[in-house]
Amino acid sequence: MRLPLALAVCLFAATPAMAQLRAVPSQPPSEVEALRGVEVFLVNETDKPTDDEGPREIEVTATDGTRLVLERLPAPRETVAPGAFAKRRYVPVSVAGKAIPPGEAHPAADMPGPGETVVQSSTGSSAGFLDRFEPHEPIYGAFGLQDAGAKVQFSFAFRPFGEHAPLNLGRLRFAYTQTMFWALDEPSGPVRSTNYSPEIYTDLPVTDDVTLAIGYRHDSNGRGDIGSVDANRIFARVQKSWDLGSGWRLDVAPQAWYYVGRVQAAHGLTDYWGYTSLTAAIGQADGIKLSVTGRGNFETRKGSAEAFLSYPLAKLDNGIGFYVFGQAYTGYGETLDRFNVSDRHVRFGIALTR
């Protein structure tokens, strides 16, 4: 079990921000484990918000007695509130007093990633590479009145290659999103429509706070030749983050795409979906978050907007790992089956991710 060290020795002269933060690294079991990165907690012990820059290098001793000098990896700057902490990742630059040559600064690239995670339950022993899964679009169940019905969505991304794989393959993602619309206002309560959206993309960091994504996405209503509505798109997305202080962050992500393949199968979908979208989100760590996405065609002046507002129940009760979730949608294209019909719906529910 990894236990935080009680003391981190800073090797360079402290800046004012450094003096206000206490660096508490997790103790790696060995040099081999440290090569994968060491998590360091930067604790603000003052009564004022401060920058999370922290020390550039710190010295730790692994559980097996190996002395390591760690260097901080680049990351977006954040403001740490009084009494709070930030987590940052450090990697070794020196082992047992011997510097690691620059070309070998990250030898973990040649090492296999973490093994499978095994879970024992009433269904037996199950296993998977769970560290490779990550949130993608929000996972939630939201319910509204009358024809709004229920909207249930699950979404995930999977990294087939390890973080340090060659040729930047560690940036590759396979993602899948499925959105189901449940007609609660009808007697039998059928699932009225379903959107299926697999995609593949790669995230490419441009700077500490800017990321570029390029990929391919297929959207379909899952029907055969009769009633099929689907679209294939090559997309590019740029995400930019700003630290607003006191735990608040603003993210903006414009996206543009080009339709390929069976565009005509969508029966004019481009008039309503258009070729661009913009997502903006503002939120506080462990607090409220508002996200808004707009999409449309400038020529036809048809489009849509969707807003998500969430708050963690863990803030109210540490035993509940959900978010209270509200959603509002207006415009065209919420469901592929009715992409040319304008809807206005408000729903409330529970979200697992946001």
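Everything below is about the structure printed above this text.
These remarks concern the structure in this document. (Residues numbered from 1 in each chain as written. Predicted model: local features only at pLDDT ≥ 70, side-chain atom pairs only at ≥ 80, totals over all residues. Heavy atoms only, no water.)

A look at the environment of Ser220
So, step 1. Examined against the element boundaries, Ser220 turns out to sit in strand β17 (residues 210-220).
So, step 2. Those residues in contact with Ser220, other than ones at most four positions away along the chain, are Thr194, Asn195, Tyr196, Val229, Asp230 and Leu336. (Helix = DSSP H or I, 4+ residues; strand = E, 2+ residues; numbered from the N terminus. Contact = heavy atoms within 4.5 Å.)

Digging into a nonpolar patch on the surface
So, step 1. Taken together, the side chains of Trp242, Leu244, Ile282, Ile288, Leu290, Val292, Leu309, Tyr311 and Val324 make up a nonpolar region of the molecular surface, amounting to roughly 710 Å² of accessible area.
So, step 2. Going through the elements one at a time, β18 (230-245), β21 (289-297) and β22 (302-312) are the ones with two or more residues in the nonpolar patch.
So, step 3. Looking at where Ile288 falls in the secondary structure, it is placed in the loop between β20 (276-284) and β21. (Patch = residues over 30% accessible without salt bridge, like charges linked within 9 Å, V, L, I, M, F, W, Y side chains within 5 Å. Areas by Shrake-Rupley, 256 points an atom, 1.4 Å probe, with all protein chains shown as cover. Salt bridge = Lys/Arg side-chain N within 4 Å of Asp/Glu carboxyl O.)

Remarks on unusual backbone geometry
So, step 1. For Asn168, which is not glycine, the phi torsion reads 60° and is therefore positive.
So, step 2. Within the secondary structure, Asn168 is located in the loop between β14 (150-158) and β15 (172-182).
So, step 3. A residue is classified by how much of its surface remains accessible, and Asn168, at 51% relative accessible area, is exposed.
So, step 4. Within the chain, Ser246 stands out as a residue other than glycine whose phi angle is a positive 55°. (Buried < 20%, exposed > 50% of the residue type's maximum accessible area, 1.4 Å probe, protein only.)

Description of the pairing of β20
So, step 1. Two elements, strand β19 (residues 248-260) and β20, share nine bridges in a ladder whose sense is antiparallel. Bridging from a neighbouring strand, Asp251 pairs with Ala281 of β20.
So, step 2. Bridge count for β20 against β21 is eight bridges, and the pairing is antiparallel. Paired with Ser277 across the strands is Arg295, a residue of β21.
So, step 3. Linking β20 back to β21 in an antiparallel pair, the connection comprises four residues, with Asp286 at a positive phi of about 60°. (Pairing = 2+ DSSP bridges.)

Re the pattern of salt bridges
So, step 1. The final tally for this structure, using the stated rule, is 18 salt bridges.
So, step 2. In this structure, Asp337 engages Arg223 in a salt bridge whose closest nitrogen and oxygen atoms are separated by 3.0 Å. Separated by 114 residues along the polypeptide, Asp337 in the loop between β23 (323-332) and β24 (342-351) and Arg223 in the loop between β17 and β18 bring together distant segments of the chain.
So, step 3. The class of Asp337 is partly exposed, set by a relative accessible area of 28%.
So, step 4. Linked by salt bridges that have partners in common, Glu137, Glu199, Arg217, Asp219 and Arg233 make up one network.

Describing the packing of aromatic side chains
So, step 1. According to the stated counting rule, one finds eleven aromatic pairs in the structure shown.
So, step 2. Ring geometry for Phe133 versus Phe156: centroids 5.7 Å apart, planes at 55°, classification tilted. One end of the pair, Phe133, is in strand β12 (residues 133-134); the other, Phe156, is in strand β14, with 23 residues separating them in the sequence.
So, step 3. Accessibility expressed as a relative area gives 41% for Phe133, which makes it partly exposed.
So, step 4. Classification of Phe156 as partly exposed rests on a relative accessible area of 30%.
So, step 5. With 4.7 Å between their ring centres and 15° between their planes, Tyr140 and Phe325 make a pair best called stacked. Residue Tyr140 is located in strand β13 (residues 140-143), and its partner Phe325 is located in strand β23; the two are separated by 185 residues in the primary sequence.
So, step 6. Tyr140 sits in the buried class, given a relative accessible area of 3%.
So, step 7. Look at Phe325 and you get buried, because its relative accessible area is 3%. (Phe/Tyr/Trp six-rings, centres within 6.5 Å; stacked < 30°, edge-to-face > 60°.)

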